[in-house]
Amino acid sequence: MENCTSAKKSVVIIGAGICGLACARELSKFEETIDLSVLEASDRIGGRIRSVVTQDGVSLELGAHYIHGTVGNPVFDFAVEKGIVGEAEDPLDWNSPQIFRCFDKELETSAQIKQKATEKATTFRETMMERLVEGQDAEAKHFNNVGEFWESKINTFKSSQPIEEVNALECVFNNLAIEECSYNGCERLEQLDLQTFVVYDELPGNRSFKPVTGYSKVIEALNDELENDVVKLQHRVCNVVKNMRNRYEVVCENGARFEADIVVVTVSVNVLKSILQNENFFKPPLPVQKTKALEKIKLSNVVKIYFKFKDPFPKKETNLMLFCPTGGTMRESAFGWIHEIERIGDSNWWMLWVVGELIETLKKSDSIQTFLLDVLRNIKNQYPEFPQQVKIDTNNVLTYDWASDPYYQGGYSYFETGGRIEEIVPILRKHVIHGDEGQNQCRLIISGEITHQQFYSTTHAGFTAGIRDGKEIAKIFNI
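Below, the structure is looked at part by part. (Residues numbered from 1 in each chain as written. Predicted model: local features only at pLDDT ≥ 70, side-chain atom pairs only at ≥ 80, totals over all residues. Heavy atoms only, no water.)

Structural notes on the sheet that holds strand S2 (residues 34–39)
The mixed open sheet is built from six strands, whose spatial order is S6-S2-S1-S10-S20-S19. Because the sheet does not close on itself, it has two edges, and the strands there are strand S6 (231–232) and strand S19 (432–434). Where S2 meets S6, two bridges bridge the pair, whose relative direction is parallel. Residue pairing across strands places Val38 opposite Val231, the latter belonging to S6. (Pairing = 2+ DSSP bridges. Helix = DSSP H or I, 4+ residues; strand = E, 2+ residues; numbered from the N terminus.)

Focus on the sheet that holds strand S8 (residues 248–252)
The strand order across the open sheet formed by four strands is S9-S8-S7-S11, and the pairing between neighbours is mixed. Looking at strand neighbours, the two that pair on one side only are strand S9 (257–260) and strand S11 (282–283), the edges of this open sheet. Bridge count between strand S7 (residues 237–242) and S8: five bridges; the pairing is antiparallel. Of the residues in S8, the one forming a bridge with Val241 is Glu249.

Regarding the packing of helix H1 (residues 18–27) against helix H14 (residues 459–476)
H14 packs onto H1 with a crossing angle of 35° between their chain directions and a minimal axis gap of 7 Å. Considering the relative orientation of H1 and H14, their crossing is right-handed. Here Ile18, Cys19, Ala22, Cys23, Arg25, Glu26 and Leu27 of H1 lie close against H14, whose contacting residues are Thr459, Gly462, Phe463, Ala465, Gly466, Ile467, Asp469, Gly470, Lys471, Ile473 and Ala474. Residue classes in the contact of H1 with H14 are distributed as ten nonpolar, four polar and four charged. (Axes fitted to C-alpha atoms, helices over the stretch in contact; angles between N-to-C directions. Left-handed = near helix turned anticlockwise from the far one by under 90°. Contact = heavy atoms within 4.5 Å. Nonpolar A, V, L, I, M, F, W, Y, C, P; charged D, E, K, R; others polar.)

As for the pairing of strand S13 (residues 303–309)
Taking burial as the measure, the seven residues of S13 include seven buried ones, the bulk of the element. Alternating positions in S13 separate into two faces, Val303, Ile305, Phe307 and Phe309 on one and Lys304, Tyr306 and Lys308 on the other, with burial throughout. Of the pairings in the sheet, the one linking S13 to strand S16 (residues 349–354) comprises six bridges and is antiparallel in character. Bridged to Val303 within S16 is Val354. Relative to strand S17 (residues 392–399), S13 is paired through five bridges, and the arrangement is antiparallel. By the bridge assignment for S17, Ile305 is matched with Thr399. (Buried < 20%, exposed > 50% of the residue type's maximum accessible area, 1.4 Å probe, protein only.)

Thoughts on the packing of aromatic side chains
Evaluated as defined, the whole model comprises 22 aromatic pairs. Residues Tyr400 and Trp402 carry aromatic rings whose centres are separated by 4.7 Å and whose planes lie at 65° to one another, so their mutual orientation is edge-to-face. Given the relative accessible area of 8%, Trp402 is considered buried. Grouping aromatic residues by their ring pairs yields a cluster made of Phe100, Phe307, Phe309, Phe313, Phe323, Trp350, Tyr383 and Phe386. Seen from the ring of Tyr183, Arg207 lies directly overhead, with NZ or CZ sitting 3.7 Å from the centre. (Phe/Tyr/Trp six-rings, centres within 6.5 Å; stacked < 30°, edge-to-face > 60°. Lys NZ or Arg CZ within 6 Å of the ring centre and 35° of its normal.)

So yeah, pure geometry; function would need other evidence.
Structure (structure tokens):
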């Protein structure tokens, strides 16, 4: 890469999420050489990481929920270093007594067959996905998306099983398919590009580890390592324009102006797409290649709703409720997409994942409370094993709609069918450079979780991308 040569350089980072703060932390090592500013449009740091504490002292995650993998995960390691988390507990086994699994009332079979089907389906799914991502499935190349692959493999497996187990297997696989949608942020598995899915690197350890004290503690720890005046809140950028001195002028809606040799853009992909609809935002405009590369990246609409039951859940050992619907139930009603309710720690707070067709039902509902009451009514009707006496405390309900927030416009990313990450990421990562080599140059860098080929969509992707780009900038400045 070409090196900048002047004694004092300036970097402006747009966005104070985990990527922007990680990049700023890396560059703050060179505060005598670099003037650094992080411009955040909203009134808080953290981006799509946001923890809130309830009146009864329970930390709830409105945004990022899990640390995905606890072995070799830089976010987990950073959290341990800062004393935010301790040792990672093991994930729950499929037969853990903490899991309460309910089967659709339309399934008429014995508890023994349900148990056997659960073990077979969960084991097969795990093996199937491991073989896929490790490149051991020779048939995978014949499929374009995860949905086609999933359906073919599952149907082949079911056809080899005893006829009396097939319907129970279908119910468990339906639950696992909805879980996979929730985990990847899509509404249907057919939306996920299979080749990109294979590239994703699942880190070892607990892939669903939750920081009990709050994910925002990670953000606070990053911010604590920066000088007080580095992060500037309520500085929404409206123009990034190259001037005659081959530097960028970054203009904010509040009138503030900053001059930079390098601008790092860390906003969400949907915000970046909306920015590009304004032809005057970047001058010169971004290369067409970059704007086209963004088209196949989507942001999830997955919603989390927290609530309390009026009385403690009768099954005291239960920490996770799983619902296994028949295919008919899923086709007949969006409420067939209810797949999981998770307890938060050992509290009386619970979380419902809203995914797939259930999202549209939520949007049409009069209120979150009405929607939750409809959910509980449907659960009681469809799953007789569920305790019929429980009631939701509608005074204790909390959610956040990231898709409607103009500063984020969605949750976590996925690559749509036909969007090959090995082609898209190099295009996004290529620096936009203005000026001749050996003279003053200015650069624009697109960063964030969408630019990490192995870990996209995760917090550790954003964290790692920020550090990576901070190190690259230091090399460019020859420091």
